[in-house]
Amino acid sequence: MIAIVDYGVGNLNSIDNGLKRLGFSSIVTEDKGEILSAKGIILPGVGAFKDAMDNLKRTGLDETIREAAAKGTPIIGICLGMQLLYEKGFEDGEWDGLGLLKGDVVKFEMKDLKIPHMGWNSLKIRKNDPIVKYISEGEFVYFVHSYYAAPGDDHVVCSCEYGVDFPAIVARGNIYGIQFHPEKSGKTGLKILKAFGEMVL
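Residues numbered from 1 in each chain as written. Predicted model: local features only at pLDDT ≥ 70, side-chain atom pairs only at ≥ 80, totals over all residues. Heavy atoms only, no water.

## Section: the UniProt feature "active site" (unreviewed entry) in the chain
Part 1 of the argument: Per the UniProt entry, the sites bearing "active site" (unreviewed entry) are Cys79, His181 and Glu183 in this numbering. A stretch of 105 residues holds the annotated residues, and the largest C-alpha distance among them is 10.8 Å, short enough that they meet in one place. In this structure, the largest pocket is lined, among the annotated residues mentioned, by Cys79.
Part 2 of the argument: In this fold, cysteine 79 is placed in the loop between strand E4 (75-78) and helix H5 (80-84).
Part 3 of the argument: When residues no more than four places from it in sequence are discounted, the contact partners of cysteine 79 are Gly45, Val144, Ile178, Gln179, Phe180 and His181.
Part 4 of the argument: By the element assignment, histidine 181 lies in the loop between strand E14 (175-178) and helix H6 (186-200).
Part 5 of the argument: Residue histidine 181 is classed as buried on the basis of its relative accessible area, which comes to 4%.
Part 6 of the argument: For histidine 181, the residues in contact, after removing those within four places along its chain, are Val46, Cys79, Tyr142 and Val144. (UniProt positions renumbered as here; feature names shortened; annotations may be inferred. 1 Å grid on protein atoms, 1.4 Å probe; cavity = no way out; pocket = protein on both sides within 12 Å on 5 of 7 lines; lining within 4 Å. Helix = DSSP H or I, 4+ residues; strand = E, 2+ residues; numbered from the N terminus. Contact = heavy atoms within 4.5 Å. Buried < 20%, exposed > 50% of the residue type's maximum accessible area, 1.4 Å probe, protein only.)

Spelled out as structure tokens, the structure:
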């Protein structure tokens, strides 16, 4: 079973439907026991960094996710969910994240480009990883974000260009992050969800 964490934000049902279309067993849940017993965890998210972290802390799900990470459960954060995996976010202030990945989440600062970065962009594969085993260099995925992660290059699997070269997929041990929306990225997004499902189930 893959647990999709319900903490009041996120595109929950479309991710759940995508996994079920691929034949994987999944559940949208806020139950700590179900999350800790899951074979894999998806942390979705849309909205503001601070609000999302406040929701996780209020429900105690921040510690649940850290506990699952510590015991080796594969965890994948999607869009804002990926950003929450990092140490700090700088959206309207400075806020602590989950700290499962090293690095900060910072704002795009290009005067000649529209913010948020919204629309399709092509992936540059930086290193091999099971999460990208079904996709090829240059495939397009769909983004909606004004902030991006600024980690060390050692765990960037794919990047994209939008004024700067920013991480699109990251991986460090059992922790994965996807900045774009796989559930809105057509066949390419489904191939990434398939790869994650196969890793955990």
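Still more ground to cover, so stick around.
## Some remarks on the packing of aromatic side chains
Part 1 of the argument: This structure, assessed with the given rule, holds seven aromatic pairs.
Part 2 of the argument: Ring centres 5.5 Å apart and planes at 85° place the aromatic pair phenylalanine 108 and phenylalanine 166 in the edge-to-face group. Of this pair, phenylalanine 108 sits in the loop between strand E7 (104-107) and strand E8 (117-122) while phenylalanine 166 sits in strand E13 (residues 164-172), and the two are 58 residues apart along the sequence.
Part 3 of the argument: What makes phenylalanine 108 buried here is its relative accessible area of 2%. (Phe/Tyr/Trp six-rings, centres within 6.5 Å; stacked < 30°, edge-to-face > 60°.)

## Remarks on helix H4 (residues 61-70)
Part 1 of the argument: Taken together, the buried positions of H4 are Leu61, Asp62, Thr64, Ile65, Ala68 and Ala69. Taken around the axis of H4, the buried residues stretch over an arc of 165°, which confines them to a single face.
Part 2 of the argument: Buried residues belonging to H4 abut strand E1 (2-5), helix H2 (32-37), strand E3 (40-43), helix H3 (49-59), E4 and E14.
Part 3 of the argument: Downstream of H4 by a residue or two, glycine 72 has a phi angle that is positive, lying close to 95°. (Arc of directions from axis to C-beta.)

## Focus on the pattern of salt bridges
Part 1 of the argument: Enumeration according to the criterion identifies 11 salt bridges in this entry.
Part 2 of the argument: Two residues, glutamate 94 and lysine 88, come together in a salt bridge whose shortest N-O distance is 3.6 Å.
Part 3 of the argument: We note a salt bridge from lysine 133 to glutamate 198, for which the minimum N-O separation is 2.9 Å. With lysine 133 in the loop between strand E9 (124-125) and strand E10 (140-145) and glutamate 198 in helix H6, the pair connects residues that are 65 residues apart, well separated along the chain.
Part 4 of the argument: Put simply, Lys124, Arg126, Glu161 and Asp165 are held in one network by salt bridges that share partners. (Salt bridge = Lys/Arg side-chain N within 4 Å of Asp/Glu carboxyl O.)

## Some details on the pairing of strand E12 (residues 156-162)
Part 1 of the argument: For E12, the buried fraction is high: six of the seven residues fall into the buried class.
Part 2 of the argument: The pairing of E9 with E12 spans two bridges and is antiparallel. Following the sheet pairing, isoleucine 125 is matched in E12 by cysteine 158.
Part 3 of the argument: In textbook terms, the turn of a hairpin is the stretch between consecutive antiparallel strands, and for E12 and E13 this stretch comprises one residue, one of which, glycine 163, has a positive phi near 80°. (Pairing = 2+ DSSP bridges.)

## Looking at the state of the cysteines
Here a disulfide denotes a covalent bond joining the sulfur atom of one cysteine to the sulfur atom of another.
Part 1 of the argument: Summed over the entire model, instances satisfying the criterion amount to zero disulfides.
Part 2 of the argument: We note that cysteine 158 lacks a disulfide partner, and the nearest cysteine sulfur, in cysteine 160, lies 7.7 Å from it.
Part 3 of the argument: Classification of cysteine 160 as buried rests on a relative accessible area of 0%. (Disulfide = S-S within 2.5 Å.)

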